[in-house]
Amino acid sequence: MHVRCPDRLPEDVFRQILEQLTELSPVVQALPPSAALVELKGALRYHGVGARRLGEMLRVRTISRLGVDVRVGIGPTITVAATASGRIRPPGGVLAVEPGDVAEWLGSLPVEALYGIGPRQAGILREYGVHTVGLLAAVPPATVQRLLGGRAGRLAADRARGIDPRPVVPRALPASAVVRCDFPRHTLDGATVRAALLDLVVRLGRLLRRRGQAVRGLTLTLRFAGGARWEKTRRLERPSAHDDDLRVPAYRLMDAAALQRGRLTGIELKGEDLVDAGQVAEQLSLDHAREARLAAEEVSDRIRDKFGPGVIGPAGTFRDVS
């Protein structure tokens, strides 16, 4: 089951909806800021009703208890359920796709309706005459990978065929993603501060990727000797958890602080407006340098997982900040 809530839902209300979901099933995966996944296999046996009925029960409860209607998509995989919820017009409804109907139902949809396909990807596919999910499923996977890129093309080809082995992973809604750096001595050195900020960017990106999340905004907080604080938030062009996308807005926030002779005691970088990374469509990029950096980032994450977080990183992060 994939549940979509109204956009810009207050976080406290979203948490209450998650509580309603746990009354149906103990396996709930929050997809902040306004969606969630629910594993229904055990819940069907426990409640003794069908999946559609559980979806209708959820709607009744959220409307009566919270005054919020939801869109509930039900299917045999995450992709099918999420695609189904996206086909429901607001304010709410329930759409269930039976396992035997997946190929026919997906095949008739416009290609941009498939969960995970972004506008740029859909535009590329349409340029090559791939207008529906059924046509996408008929294209050889190798061809889709050439059009959309390796990983994005592979996922698109599989999901168009109804292939999505991902399980629902129980996960509550994290309040935030925050990384900090405290200076042992008050510092005035701009290069030291910039090195510390770059290290925070790398740490925040890794934290987000391990959580399977992305951020829509960054907040930079600077702490000064004497207790003064400076704080500013900047929105990202699109949600991301990649160092490449977090570094530029973080640097711009630091530039906005216009530090001159301020004696810093610490820096905090906070990810705002968290979303599930699975909801962020992989966009086609013709920037080969960026693609190389993302590939290097993936390799670096594996090295850190095996040998520790401090063994690899940008050269600037190894500057002595003590």
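Residues numbered from 1 in each chain as written. Predicted model: local features only at pLDDT ≥ 70, side-chain atom pairs only at ≥ 80, totals over all residues. Heavy atoms only, no water.

Another aspect to go through is the pattern of salt bridges. All told, the structure shown has 17 salt bridges when counted by the stated rule. For the salt bridge of aspartate 182 with arginine 223, the shortest nitrogen-to-oxygen distance reads 2.1 Å. One end of the pair, aspartate 182, is in strand E6 (residues 177-187); the other, arginine 223, is in strand E7 (residues 213-224), and 41 residues separate them in sequence. Owing to a relative accessible area of 53%, aspartate 182 belongs among the exposed residues under this scheme. The exposure class assigned to arginine 223 is buried, which follows from its relative accessible area of 19%. Here aspartate 244 makes a salt bridge to arginine 247, at a shortest N to O gap of 3.1 Å. Of this pair, aspartate 244 and arginine 247 both sit in helix H11 (residues 243-257), three residues apart, which is roughly one turn of the helix. One salt-bridge network, held together by shared partners, links Arg209, Asp243, Glu297 and Asp301. (Salt bridge = Lys/Arg side-chain N within 4 Å of Asp/Glu carboxyl O. Helix = DSSP H or I, 4+ residues; strand = E, 2+ residues; numbered from the N terminus. Buried < 20%, exposed > 50% of the residue type's maximum accessible area, 1.4 Å probe, protein only.)

Ordered by their spatial adjacency, five strands build an open sheet running E2-E3-E1-E4-E5, and the pairing between neighbours is mixed. The two strands at the open ends of the sheet, each matched to only one other strand, are strand E2 (28-31) and strand E5 (93-96). Going across the sheet, the axis of each strand differs from the next one's by a mean of 15 degrees, ignoring polarity. Sheet analysis places E2 next to strand E3 (residues 35-38), joined by four bridges and oriented antiparallel. Paired with valine 28 across the bridge in E3 is valine 38. Sitting on the sheet, helix H1 (residues 11-24) is in contact with strand E1 (2-4), E2 and E3, with an inclination near 160 degrees to E2. Contacting E1, strand E4 (71-74) and E5, helix H3 (residues 51-66) crosses the sheet at an angle of about 165 degrees to E5. (Pairing = 2+ DSSP bridges. Axes fitted to C-alpha atoms, helices over the stretch in contact; angles between N-to-C directions. Contact = heavy atoms within 4.5 Å.)

In this section: the packing of helix H8 (residues 141-148) against helix H9 (residues 150-160). Between H8 and H9, whose axes approach to 7 Å, the crossing angle comes to 135 degrees. By the criterion of interaxial angle, the relationship of H8 to H9 is oblique. Helix-helix and strand crossings are classified by hand; for H8 and H9 the assignment is right-handed. Of the residues in H9, those in contact with Pro141, Val144, Gln145 and Leu148 of H8 are Gly150, Ala152, Gly153, Arg154, Ala156 and Ala157. A breakdown of the residues in the contact of H8 with H9 according to their chemical character gives six nonpolar, three polar and one charged. (Parallel < 35°, antiparallel > 145°, perpendicular 65-115°, else oblique. Left-handed = near helix turned anticlockwise from the far one by under 90°. Nonpolar A, V, L, I, M, F, W, Y, C, P; charged D, E, K, R; others polar.)

Here we have four strands laid out as an open sheet, ordered E6-E9-E7-E8, and antiparallel in their pairing. Each edge of the sheet is formed by a strand with only one pairing partner; in this case those strands are E6 and strand E8 (229-240). Adjacent strand axes in the sheet meet at a mean angle of 15 degrees when their direction is disregarded. Bridge count between E7 and E8: eight bridges; the pairing is antiparallel. Looking across to E8, one finds that threonine 221 is bridged to glutamate 231. Running over the sheet, helix H10 (residues 190-211) touches E6, E7, E8 and strand E9 (264-276) and is turned about 160 degrees from E6. The sheet strands contacting H11 are E7, E8 and E9, and the helix crosses E8 at an angle near 155 degrees.

Our next topic: the packing of aromatic side chains. The relative placement of two aromatic rings is captured by the distance of their centres and the angle of their planes. All told, the structure shown has zero aromatic pairs when counted by the stated rule. Seen from the ring of tyrosine 251, arginine 194 lies directly overhead, with NZ or CZ sitting 4.4 Å from the centre. (Phe/Tyr/Trp six-rings, centres within 6.5 Å; stacked < 30°, edge-to-face > 60°. Lys NZ or Arg CZ within 6 Å of the ring centre and 35° of its normal.)

Considering the arrangement of structural elements, one finds serine 34 in the loop between E2 and E3. The exposure class assigned to serine 34 is buried, which follows from its relative accessible area of 14%. Discounting residues that sit within four places of it in the chain, serine 34 has contacts with Val3, Arg4, Cys5, Pro6, Asp7 and Phe14.

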